[in-house]
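Each chain is listed here by its residues.
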Amino acid sequence: MRKTILLIGLLLSFNTFAAPPQELLKQYEVQAKQEHSAFTGFSAEKGATFFKTERVHSDGKNVSCATCHTADPRNQGKTRANKVIEPMAPIVNPKRFTDAAKVEKWFGRNCKDVLERACTAQEKGDYISYMLSIK
Amino acid sequence: MKKWMQLLLLLTSVSSTSALLASGGMEEGGRSMPVESNAKWAAECSSCHMLYHPGLLPERSWHKMMSGLDKHFGENASLDATTQKEITAFLALNSADKQDNRRAKRINQSIPANSTPLRITETRYFTSKHDEVSANTFKRKSIGSASNCVACHKNAEKGDFSESQIKIPR
């Protein structure tokens, strides 16, 4: 009994802290299948388009994910308040997409800021696939 | 009535200047706001901008700000309920009207009782301290805006705005 609890605790802590991005992608895949039975997989190409495509926000300004994260995810970005944002691509910033709670928090905020709606699991998976494809 | 208040203001400023002279310097004693910390506050409130010391705004301002994080200066900065509660309590406890510190008290006194500013940069205290810094200076690429205190006050996150630590970048 003790051992199982310990094991569960260990597994949980692995899950919430440093899990590789592939783990997160699997979770999004499960969600994406629930959202769309016709799900066929994630696409780095679609993720790239999603990242760069600008839309007109209801406040009149043009925004995209690249507005803050810059067009090349290997570069440092900048917030509206002039603070540096470390690069999004795991090849230069291995901490990215390893903390599920953090990733969900920022998808939650940034999708609402840019798209004025939540992102779908498909969009999140495409986005992460794109970031992982960058060499 | 107005004249009366002006006189009072003059008297308080004269007496505080002499208190300052008596204390023998600009920085020592009570000028720098005490370093307070809370891990959640430090992590969550520093990802988009510098960490603003809780002593820079009164409790009512922090309460108002923390209850509208989904529309925080045009951005979504929302938090889960537990984290939001913890940070609000920390900010309230160390706010400008709760600190026994000269600078925090001055900030608090510069805010009319019927107003609840969300920006430090809009308080009369801030504008009077920076009336010699031009709008163009604040807009420099190395600075960005007046809100970016750390660009000029390198110890701003610790609540230290002492004059000997000020350096305006090019």
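## So, the overall build of chain A
- Check the secondary structure of chain A and you find six helices and four strands.
- N-terminal to C-terminal, the α/β element order of chain A is α-α-α-β-β-α-β-β-α-α.
- Taking contacts inside chain A between residues at least 6 apart in sequence as the whole, the part at least 24 apart equals 55%.
- With an accessible surface of roughly 8,400 Å², chain A has 61% of that area assigned to carbon and sulfur atoms.

## Points about the nonpolar core
- The biggest cluster of nonpolar side chains holds 25 residues, and the ones touching the most others in it are Tyr52, Leu56 and Leu91 of chain B.
- Excluding its chain neighbours within four sequence positions, the residues that come into contact with Leu56 of chain B are Met33, Ala96, Ile107, Ile120 and Phe161 of chain B.

## Overview of the confidence of the model for chain A
- Across chain A, the average pLDDT comes to 90, with 87% of residues at or above 70.
- Low pLDDT, under 50, characterises residues 7–16 of chain A; the stretch is placed with four contacts to residues that sit more than four places away or in other chains.

## Some words on the state of the cysteines
- With the rule as written, the count across this model stands at one disulfide over all chains.
- Between the sulfur atoms of Cys111 of chain A and its disulfide mate Cys119 of chain A the distance is 2.0 Å. On the S-S bond that ties Cys111 of chain A to Cys119 of chain A, the torsion sits near -95°, and the link is left-handed.
- The exposure class assigned to Cys119 of chain A is buried, which follows from its relative accessible area of 9%.
- Between Cys45 of chain B, a cysteine without a disulfide, and Cys48 of chain B, which holds the nearest cysteine sulfur, the sulfur-to-sulfur distance is 9.6 Å.

## Structural notes on the packing of aromatic side chains
- Tallying each qualifying case throughout the model produces nine aromatic pairs over all chains.
- Aromatic pair Phe51 of chain A and Tyr127 of chain A: ring centres 6.0 Å apart, planes at 55°, arrangement tilted. A residue pair is termed long-range when its members are at least 10 positions apart, and Phe51 of chain A in helix H3 (residues 44–52) and Tyr127 of chain A in helix H6 (residues 121–133) qualify at 76 residues. A single burial state applies to Phe51 of chain A and to Tyr127 of chain A, both of which are buried.
- Judged by centre distance (4.8 Å) and plane angle (40°), the rings of Trp41 of chain B and Phe90 of chain B are tilted. Taken as a pair, Trp41 of chain B in helix H2 (residues 39–44) and Phe90 of chain B in helix H4 (residues 81–93) lie far apart in primary sequence, 49 residues in all.
- Given the relative accessible area of 3%, Trp41 of chain B is considered buried.
- Grouped by ring-pair contacts, the aromatic residues Tyr28, Phe50, Phe51, Phe97, Phe107, Tyr127 and Tyr130 of chain A constitute a single cluster.
- It is Arg109 of chain A that lies over the ring of Trp106 of chain A; its NZ or CZ is 4.6 Å from the centre.

## Describing the confidence of the model for chain B
All names here are of chain B.
- Looking at chain B, the pLDDT average stands at 85 and 82% of residues meet or exceed 70.
- Mean pLDDT values for the elements of chain B range from 43 in helix H1 (residues 2–22) up to 98 in helix H3 (residues 59–66).
- Reported confidences for the modelled complex are a pTM of 0.87 and an ipTM of 0.81.

## Things to note about the pattern of salt bridges
- Inspection of the entire model under this criterion finds 13 salt bridges over all chains.
- For Arg109 of chain A, the salt bridge goes to Glu44 of chain B, with nearest N and O atoms at 3.9 Å. Within this pair, whereas Arg109 of chain A is found in helix H5 (residues 100–115), its partner Glu44 of chain B is found in helix H2, the two belonging to separate chains.
- Classification of Arg109 of chain A by relative accessible area gives buried; the value is 3%.

## Observations regarding the interface of chain A and chain B
- Each side of the interface is counted separately: chain A has 11 residues, and chain B has 16 residues.
- Interface of chain A and chain B: buried area, both sides summed, is about 1,100 Å²; carbon and sulfur atoms make up 39% of it.
- Among the residues of chain A in contact with chain B, Asn82, Lys83 and Arg109 of chain A are the three that bury the most area, contributing 44% of the side total.
- Put simply, chain A and chain B have three salt bridges between them.
- One can count eight residue pairs in polar contact (both at pLDDT 80 or more) joining chain A with chain B.
- Ranked by the residues each element gives to the side of chain A that touches chain B, the list is headed by H5 of chain A, at five residues.
- For the side of chain A that touches chain B, the class distribution of residues is two nonpolar, two polar and seven charged.

## Comments concerning a positive patch on the surface
- Taken together, Arg140, Lys154, Lys158, Lys167 and Arg170 of chain B make up a surface patch of like positive charges.
- Within the secondary structure, Lys158 of chain B is located in the segment after helix H7 (135–138).

## Some thoughts on H5 of chain A
All names here are of chain A.
- Over its 16 residues, H5 runs 21 Å from end to end, which matches the ideal 22 Å to within 8%, given 1.5 Å per residue.
- Considered for burial, the residues of H5 that qualify are Ala100, Val103, Phe107, Arg109, Cys111, Asp113, Val114 and Leu115.
- Taking the backbone nitrogen of Ala101 as reference, a side-chain oxygen 3.2 Å away marks Asp99 as the first, capping residue of H5.
- Within two residues after H5, Glu116 carries a phi angle of roughly 60°, on the positive side.

Rules behind the numbers
Numbering of residues starts from 1 in each chain and follows the order in which that chain's sequence is written. The order in which chains are written sets their letters, starting at A; the order in which ligands are written sets their numbers, starting at 1. The predicted origin of the model limits local features to residues at a pLDDT of at least 70 and limits the giving and counting of side-chain atom pairs to 80 or more, whereas totals for whole chains, interfaces and linings rest on all residues. In computing side-chain properties, one takes all heavy atoms of the structure into account and sets aside hydrogens as well as water. In this text, helices come from DSSP runs of H or I with a minimum length of four residues, and strands from runs of E with a minimum of two, each type numbered from the N-terminal end. Whether two residues touch is decided by their heavy atoms; if any such pair falls within 4.5 Å, the residues are in contact. Note on areas: these come from Shrake-Rupley sampling with a 1.4 Å probe, and a residue is covered only by the protein chains present in the view. As used in this record, nonpolar core signifies buried Ala, Val, Leu, Ile, Met, Phe, Trp, Tyr and Cys residues forming a set joined through side-chain atoms within 4.5 Å. Three labels apply to residues, based on accessible area from a 1.4 Å probe with only protein chains included: buried if under 20% of the type maximum, exposed if over 50%, partly exposed otherwise in between. Per residue, pLDDT measures the predictor's confidence, with a range of 0 to 100. Here, two cysteine sulfur atoms that lie within 2.5 Å of each other are counted as a disulfide. We call Phe, Tyr and Trp rings a pair once their centres come within 6.5 Å, taking the six-membered ring for Trp, and we label the pair stacked below 30 degrees between planes, edge-to-face above 60, and tilted otherwise. Ring-over charges, as used throughout, are those where CZ of Arg or NZ of Lys falls within 6 Å of the ring centre and within 35 degrees of the ring normal. The salt bridge criterion pairs a side-chain nitrogen of Lys or Arg with a carboxyl oxygen of Asp or Glu, the two atoms within 4 Å. The buried area of a pairing is the accessible area, by a 1.4 Å probe, that goes missing from both parts when the two are put together, added over both. Nitrogen and oxygen atoms within 3.5 Å of one another constitute a polar contact, given that in protein one can donate a hydrogen and the other can accept it, and given that sequence-neighbouring residues count only through two side-chain atoms. Three residue categories are used. Nonpolar comprises Ala, Val, Leu, Ile, Met, Phe, Trp, Tyr, Cys and Pro, charged comprises Asp, Glu, Lys and Arg, and polar comprises the others, including Gly. Like-charged residues are merged into a patch within 9 Å and nonpolar side chains (Val, Leu, Ile, Met, Phe, Trp, Tyr) within 5 Å, provided each residue has over 30% relative accessible area and no salt bridge. Residues scored as positive are Lys and Arg, those scored as negative are Asp and Glu, and His as well as the terminal groups of each chain are ignored. Charge positions come from single atoms, namely NZ of Lys, CZ of Arg, CG of Asp or CD of Glu. What a helix is expected to span follows from its residue count: subtract one and scale by 1.5 Å.

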